[in-house]
Amino acid sequence: MSSPSAPPAPTSTTDADTRLPRTLRVLGVVERVGNALPHPFWLFWILAGILGIASAVMSALGVSVISPADDKKVVVENLLSGDGLAMAMSTAIDNFTSFGPMGTIVVVIMGVAVAEHTGFLSGLMRVSVSRVPSWLVVFAVAFAGTMSHVASAAAYAILVPLGGVAFRAVGRSPILGIVVAYTSIASGYDASPIPTPNDTIFAGITTAAARIIDPDAYVSPLSNWFFNIASSLLLAVVITLVTNTLLAKRPDLEADEDAEVDEASLEISARERRAMLWAIIALVVVAVLVAIAVVPASSPLRGEDGTLDDSPFLNGVAVLVGFAFALAGIVFGVLAGTVTSAADVPALMARGVKQIAPVLVLFFSIAQFLAYFDWTHIGDVIAVESAQVLKTTGVPLPLVFLMVLALLSVVNVLVTSGSAMWSIAAPVLVPMLMLVDVPAETTQALFRIADSGSTAITPMSPYFVLALGFLQQYRKKAGIGTLAAFTLPLAVCMTLAWTVLFFAWWLLGIPLGPGAPVR
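What you see is a predicted model; the values in this text were computed from it and never measured.

**Notes on the overall build of the protein chain**
Part 1 of the argument: Scanning the protein chain for helices and strands turns up 22 helices and two strands.
Part 2 of the argument: Counting only residues that meet the buried cut, the protein chain has 54% of its 519 residues in that class.
Part 3 of the argument: Counting contacts in the protein chain only where the partners sit at least 6 residues apart, residues at least 24 apart contribute 81% of the total.
Part 4 of the argument: When the accessible surface of the protein chain is summed, it comes to about 21800 Å², and 68% of that surface belongs to carbon and sulfur atoms.

**Here's the deal with helix H5 (residues 100–117)**
Part 1 of the argument: Across its 18 residues, H5 extends 26 Å between first and last C-alpha, which sits within 8% of the 26 Å expected from 1.5 Å per residue.
Part 2 of the argument: Among all positions of H5, only Pro101, Met102, Ile105, Val108, Ile109, Gly111, Val112, Ala113, Val114, Ala115, Glu116 and His117 are buried.
Part 3 of the argument: Residue Gly119 follows H5 closely and has a positive phi angle near 100 degrees.

**Section: the nonpolar core**
Part 1 of the argument: Counting residues in hydrophobic clusters, the biggest one holds 144 residues, and the most contacted among them are Tyr182 and Phe227.
Part 2 of the argument: Looking at this core element by element, the count peaks at 12 residues for helix H22 (residues 480–508).
Part 3 of the argument: Those residues in contact with Tyr182 that lie beyond four places of it in its chain are Tyr156, Val160, Thr455, Ala456, Ser461, Tyr463, Phe464, Ala467, Leu483 and Thr487.
Part 4 of the argument: Core analysis: the next-biggest nonpolar cluster, separate from the first, contains five residues, Ala326, Val339, Val345 and Leu348 among them.

**Things to note about the packing of aromatic side chains**
Part 1 of the argument: In the structure shown here, the tally under the stated rule is 20 aromatic pairs.
Part 2 of the argument: Ring centres of Phe227 and Phe502 lie 6.4 Å apart, and the angle between their planes is 80 degrees; this geometry places the pair in the edge-to-face category. Taken together, the positions of Phe227 in helix H11 (residues 225–245) and Phe502 in helix H22 put the pair 275 residues apart, joining distant regions of the chain. For the pair formed by Phe227 and Phe502, the shared burial category is buried.
Part 3 of the argument: Among the aromatic residues, those joined into a ring-pair cluster are Phe227, Phe401, Phe502, Phe503, Trp505 and Trp506.
Part 4 of the argument: Over the aromatic face of Phe486 sits the side chain of Arg250, whose NZ or CZ is 4.1 Å from the ring centroid.

**What about the pattern of salt bridges?**
Part 1 of the argument: Following the criterion strictly, the structure yields one salt bridge and no others.
Part 2 of the argument: Among the ionic pairs, Arg448 bridges to Asp199, the shortest N-O distance being 2.8 Å. With Arg448 in helix H20 (residues 440–453) and Asp199 in helix H10 (residues 197–210), the pair connects residues that are 249 residues apart, well separated along the chain.
Part 3 of the argument: In this structure Asp199 comes out as buried when scored by relative accessible area, which is 4%.

**Points about the packing of helix H4 (residues 82–97) against helix H16 (residues 357–376)**
Part 1 of the argument: Between H4 and H16, the least distance of the axes is 10 Å, while the angle of their chain directions is 140 degrees. As far as their axial angle goes, H16 and H4 are oblique. Our pair here, H4 against H16, has a crossing hand that is right-handed. Across the interface between the two elements, Asp83, Gly84, Met87, Ala88, Ala92, Asn95 and Phe96 of H4 pack against Leu360, Phe363, Phe364, Ala367, Gln368, Ala371, Tyr372 and Trp375 of H16.

**Observations regarding helix H7 (residues 137–147)**
Part 1 of the argument: For H7, the buried fraction is high: nine of the 11 residues fall into the buried class.
Part 2 of the argument: What H7 keeps buried is the set Val137, Val138, Ala140, Val141, Ala142, Phe143, Ala144, Gly145 and Thr146.
Part 3 of the argument: On its buried face, H7 is in contact with helix H6 (120–129), helix H8 (154–169), helix H9 (174–186) and H11.

**Comments concerning unusual backbone geometry**
Part 1 of the argument: The backbone of His377 sits at a positive phi, close to 70 degrees, despite the residue not being glycine.
Part 2 of the argument: With respect to the helices and strands, the residue His377 is situated in the loop between H16 and helix H17 (378–393).
Part 3 of the argument: Within the chain, Asp437 stands out as a residue other than glycine whose phi angle is a positive 70 degrees.
Part 4 of the argument: Of note, Asp437 is situated in the loop between helix H19 (418–434) and H20.
Part 5 of the argument: Under the relative-accessibility criterion, Asp437 is labelled exposed at 66%.

**So, a nonpolar patch on the surface**
Part 1 of the argument: Together, Leu277, Trp278, Ile280, Ile281, Val284, Val285, Val288, Leu289 and Ile292 line one region of the surface with nonpolar side chains, adding up to about 810 Å² of accessible area.
Part 2 of the argument: Mapped onto the elements, Ile281 comes out in helix H12 (residues 270–294).

Rules used throughout
- The residue numbers shown here count from 1 along each chain, following its written sequence.
- The predicted nature of this model means local features are confined to residues of pLDDT at least 70 and side-chain atom pairs, given and counted, to a pLDDT of 80 or more, with totals for whole chains, interfaces and linings taken over all residues.
- Just so you know, side-chain values use all the structure's heavy atoms and leave hydrogens and water out.
- Secondary structure is summarised from DSSP: a helix means a run of H or I of at least four residues, a strand means a run of E of at least two, and numbering begins at the N terminus for each.
- The buried label applies to any residue whose accessible area, calculated with a 1.4 Å probe on protein chains only, is under 20% of its type's maximum; exposed applies above 50%, and partly exposed to all values in between.
- A contact between two residues is defined here by any heavy atoms of the two lying within 4.5 Å.
- Per-residue accessibility takes into account occlusion by the displayed protein chains alone, with areas from the Shrake-Rupley method and a 1.4 Å probe.
- How far a helix is expected to stretch is found by multiplying one less than its residue total by 1.5 Å.
- We call a set of buried residues a nonpolar core when its members are Ala, Val, Leu, Ile, Met, Phe, Trp, Tyr or Cys and they connect through side-chain atoms within 4.5 Å of each other.
- Aromatic pairs are defined between Phe, Tyr and Trp rings, using the six-membered ring for Trp, whenever the two ring centres lie within 6.5 Å; interplanar angles under 30 degrees are classed as stacked, those over 60 as edge-to-face, and all others as tilted.
- Ring-over charges, as used throughout, are those where CZ of Arg or NZ of Lys falls within 6 Å of the ring centre and within 35 degrees of the ring normal.
- Within this document, salt bridges are pairs made up of a side-chain nitrogen of Lys or Arg and a carboxyl oxygen of Asp or Glu, the two lying within 4 Å of each other.
- Geometry is summarised by axes, namely lines fitted to C-alpha atoms with helices restricted to the contacting stretch, and by angles between N-to-C directions that run from 0 to 180 degrees.
- By definition in this entry, angles of less than 35 degrees are roughly parallel, angles greater than 145 are roughly antiparallel, angles of 65 to 115 are roughly perpendicular, and the rest are oblique.
- Crossing handedness is defined as follows: a turn of the near helix away from the far one that is anticlockwise and smaller than a right angle gives a left-handed crossing, while the clockwise case is right-handed.
- Note on patches: the residues involved have over 30% relative accessible area and no salt bridge, like charges join within 9 Å, and the nonpolar side chains Val, Leu, Ile, Met, Phe, Trp and Tyr join within 5 Å.

This is how it looks when you write it as structure tokens:
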């Protein structure tokens, strides 16, 4: 794969660029504003400083509320006071080590790393988009994109070039294949039929936010699983319809005549195919054994009342997910020859942990900010007062959902890290909506839509530049506007359809996932 070249200036005169001058201007502003933002690590320390000043002012004014949890008076504490500084110093390590997503993401990623580096996930993606007929190739690549999130960021490097190859293999535009693969991953990032590392991160942040109102609250990594499965299928259908009815009719789908593309292969060897079969069989066996262990009402993996709510099964699902990926990777690796000794497995796990080192560093600043936010009780004040406004003004919940979705979608254009954005928004939105009887799991599902929808169009995402590099292999003069012109209609339609699904799900009172409240 050749390295992505620098994208042309926004004044590029490609056909797509000249058709969308307003879009290009907006993208230019987004890029400039986004580039001015600090790294998320520093962003949370800046927010901590702002929090300190706000807490000092509010404490001096005697701001307080009555906690709905125990009807006791909650007063804003001054983070810049002696007590605040002592708290920050004495709890820094505990804040980090007890941060909800910390343990779960490490456990899950160790298993995913085995599946990824043995070649299992890459082979699975290649199999899913190979040998499909022309009429099915769009849906196959799009649905593979939603499933590819188990590989986290590696999904972009693996599936995006494969999308171009798959389309070219059936006589369709490879440019369209690049766009479909990239958009399905970026704008469908939080809709996966398979539990992903993101599920554990979001659940941990949501749990911490929910405990502002309910100290015993727990949000499982599978709390949105049913909704995710339906979402992935819907988004694949939407991508298929928009691509075939709109994008496929564009006149600028041909690759450059002199394009030199280092195309990835869709083929896997007979040995890899056999290894893939046995790895999938191993996963099926695990699923059957888990079902047998969980289904009986008397199962020790269920909760005290015999339900899945706050059960050992849901509390330990991250371990199960990590084990399943590791097992599939080991079976595949042994049979395919990528695992030659028992020592290879922990080495692969270590590679996975090394890959998420930047995330763990970010978690340190996030954990401190959330601890400070909780200690000052500013979150309690904002949540209670905001909920009171919603109750007294009688704003319909669907309108509140739309406002939250719009706000988060705009923020996502600039802050493309889902964990960073949710860490900022969850401590306010989750408690606020819980006070008007909206479960934390529902607010998290709403966040998923906003965190995904606009990702495919923002040049602030590093994967936008990566996808542009793959696109430039087929069209050298492609620029930011070229890619945005293709992804914009897909992203808009996906977000609209996903929003409609959310409202239908909520109105019908369907559980979002195992053990999740109906409404």
